[in-house]
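# Reading the structure
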Amino acid sequence: MSENKKPVRTEQESSKLSQLDMLLGLVCAIFFVDTIASVATMGAAAVTWIVIVGALFFFPGSLTVAELGSAYPENGGFYAWIKRAFGNLWGARISWIYWSCNAIWISSVATLVVTVLCQVFHLEISNTIATCFNIAVIWLMVFVATRPMDNSQKIINFSAIAKLCLGIGLVIAAILYLMRNDFEFANPITLDRFVPTFGQSIVFIPALIYNFLGFESMSAAGSAMENPGRDVPRAALKNCLLVSGLYIVTVLSMLAIIPIGDISIIQGLVDCFRIGFGNSFVMNALVYGIGAVFVTVLFCQGMMWILTVCRVSAETALTGELPRIFAKTHKNGSPIGSLVIAGFVASAMTLVASSMSGSAEEMFWSIFSCTSFLLLIPYLLNFEAFLKLRRTDKTTVRPYIFPGPSWFAVLMVRIGEFIILATMFLFIWVPGTPFNFKQSMFVLVGIVLTLAAGELITRSCMAKYRKSTDRNDVDNWSADDIEAE
C-alpha cells in the first residue's frame, strides 16, 4: 500500500486473528449454501467440475494471495495489492467496483431471503408485494449494519458455523431419504455420469466459479494475523481442501434427494430438507428451524459483505479517491454514508430487475450475473498485479513463495485469467442455449453503466485530490494517476 494511504482497519481486526478465526472467516466468505442448488443442476458431473475448478483456479488463486498476503501484510487485500502494482487510480477503481457490485448484489440477497422465507412458511405473495419486501429487507440490512459492530467477528464465526451445520443437516437429510428408499438415489450415480461435459451443465459453470471467489478475504486482514508468513498459506491450503470437500458432499446429498429436473436454484436447499426429513410433526418443526437458520445466514452474509466494502470505500473516500459523502460516518463509527447510498442503489436495482424479470429465479439470476461479472474484474487484475510485483519488486522479503519454478506460476496465473474471461462471457450468453435478449441486455447495461459511472467519479475525485496534495509528491503517482488530473 502506498505511503499516503493509511491501512484500512475494521473492528474485527482490532485483535489478532487466530487460525480458527481465519478458517471460519474463509468458510463464511466462500461456502455459499445459497448456490449449492445451481451447481447441483449440473448433475454428478458437478463433482468433477468442482475438482477441475478447484485445481486450476481456486488452489492457484489461493497460492497467489498467500504469497501476496505474506509479502505485503497490510490490510486491504486486492485493493492494496493492485494499488501497489498499478497506482492510486487503479486502487480507486477497485474500491468503486467492490462497493458498487456489492451494493447491487444485496438486492439479489434480499430476493433470496424473501423467497426462502415464503417457501419455509408456505406464503404466497404477488410480485409487487415481493418487491416491496425485498426493498424492506435491503433497508433492514442497512439499518443493522449501522449499529455498533464491536462483535463483528462473532457474527462472522456464527455465520460460518451455521453454514457448516446446514451442510451437515443436508447430509443427514440425504441419509434419511436413502434409508427410506432402499438407498436408491433420486438421480443415477454411475461413473459415466461424472464425466464432465459442455452440454446443459455449462449454464451453471459460472455459478461454480462464483462459489470459489473470496479466497483472498483473510489475506486482506494480513496485519491482524499473528504470523502472516505462516498463517496465510496454512489457512489458504486448509480452506482449499475444506471448501472443495463441502461443495462435493453437499452437491451429492442434494442429488440423492431431488431429481435434477426438479431442482430449484432458489428453493432447492429447503426442498431437500423437507423431502429428506419427512412429514412428521417433529421433522416439520425441524425444517422450520433449519429454514429460519438459512434465512438468518443469508441476511448476515449480505449484511457483513456490504458493511465490509462500505468500510473500505469510506476509508478510500477520506483520501479523496471517492466522493466525500462516502466518508460520512455515524457517531458509532459505522460508514453510514456508503451504506445509505448502497441501500438506494440496491433498491433501484430491485425495482428495475422486478420490472424486467418474470419469476424470482429470473430476477435473482439477472442480478447475480451482473454483480458476478463485476466481481471477477478485481480477481483478473490481481492476477496481473501478482505477476507485475514479482517482476518489479525484487527487494521485498516473501515469507511464502508460489511453489515451483517461475514459469509454472505464470502458467497457472494465465490459466486462472482464461477461466475468469470465459466465465465473464458465460454470464452474458451460454453457447448452445437460446439468447435471452432482455436478460443479457439487463446484465450488459448494468455492467457498462456501473463501470462508466465509476470511471467518471474516480477520475474526477482523483483530479481534485491531486490538486490538493503536495505537488512534489509525484513519485507516488503512476502515469494513469497523472492522466486522471
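Notes on the structure in this doc start here. (Residues numbered from 1 in each chain as written. Predicted model: local features only at pLDDT ≥ 70, side-chain atom pairs only at ≥ 80, totals over all residues. Heavy atoms only, no water.)

### Focus: the nonpolar core
Where a protein is soluble and globular, its nonpolar side chains tend to be buried together. Counting residues in hydrophobic clusters, the biggest one holds 141 residues, and the most contacted among them are Phe57, Phe212 and Phe273. By residue number, the principal contributor to this core is helix 5 (residues 88-120), which donates 18 residues. Once you skip the residues sitting within four places of it in the chain, Phe212 turns out to touch Ile30, Ile50, Val53, Gly54, Phe57, Phe58, Val243, Ser244 and Tyr247. (Core = buried A, V, L, I, M, F, W, Y, C linked by side-chain atoms within 4.5 Å. Buried < 20%, exposed > 50% of the residue type's maximum accessible area, 1.4 Å probe, protein only. Helix = DSSP H or I, 4+ residues; strand = E, 2+ residues; numbered from the N terminus. Contact = heavy atoms within 4.5 Å.)

### Regarding the environment of Leu56
For Leu56, the position within the fold is in helix 3 (residues 45-71). Overall, Leu56 belongs to the partly exposed group, its relative accessible area being 32%. Aside from chain neighbours lying at most four places away, what touches Leu56 is Met412, Ile415, Gly416 and Ile419.

### Let's talk about helix 11 (residues 281-318)
For helix 11, spanning 38 residues, the distance from its first C-alpha to its last is 56 Å, which sits close to the expected 56 Å at 1.5 Å a residue. Looking one or two residues past helix 11, Gly320 carries a phi angle of roughly 85°, positive in sign. (Expected span 1.5 Å × (residues − 1).)

### Let's talk about the side chain of Thr115
In this structure, Thr115 sits in helix 5. Under the relative-accessibility criterion, Thr115 is labelled buried at 14%. Of note is the side chain of Thr115, whose polar atom sits 2.7 Å from the backbone oxygen of Thr111. (Polar contact = N/O pair within 3.5 Å; in protein donor to acceptor, adjacent residues only side chain to side chain.)

### Topic: the packing of helix 10 (residues 268-277) against helix 11
The N-to-C vectors of helix 10 and helix 11 enclose an angle of 160°; their axes lie 9 Å apart at closest approach. By the angle class used here, helix 10 and helix 11 are roughly antiparallel. In the packing of helix 10 onto helix 11, the handedness of the crossing is right-handed. In this structure, helix 10 contributes Leu269, Val270, Phe273, Arg274 and Phe277 to the contact, and helix 11 contributes Met283, Leu286, Val287, Ile290 and Phe294. Each residue belonging to the contact of helix 10 with helix 11 can be placed in one class, and the counts come to nine nonpolar, no polar and one charged. (Axes fitted to C-alpha atoms, helices over the stretch in contact; angles between N-to-C directions. Parallel < 35°, antiparallel > 145°, perpendicular 65-115°, else oblique. Left-handed = near helix turned anticlockwise from the far one by under 90°. Nonpolar A, V, L, I, M, F, W, Y, C, P; charged D, E, K, R; others polar.)

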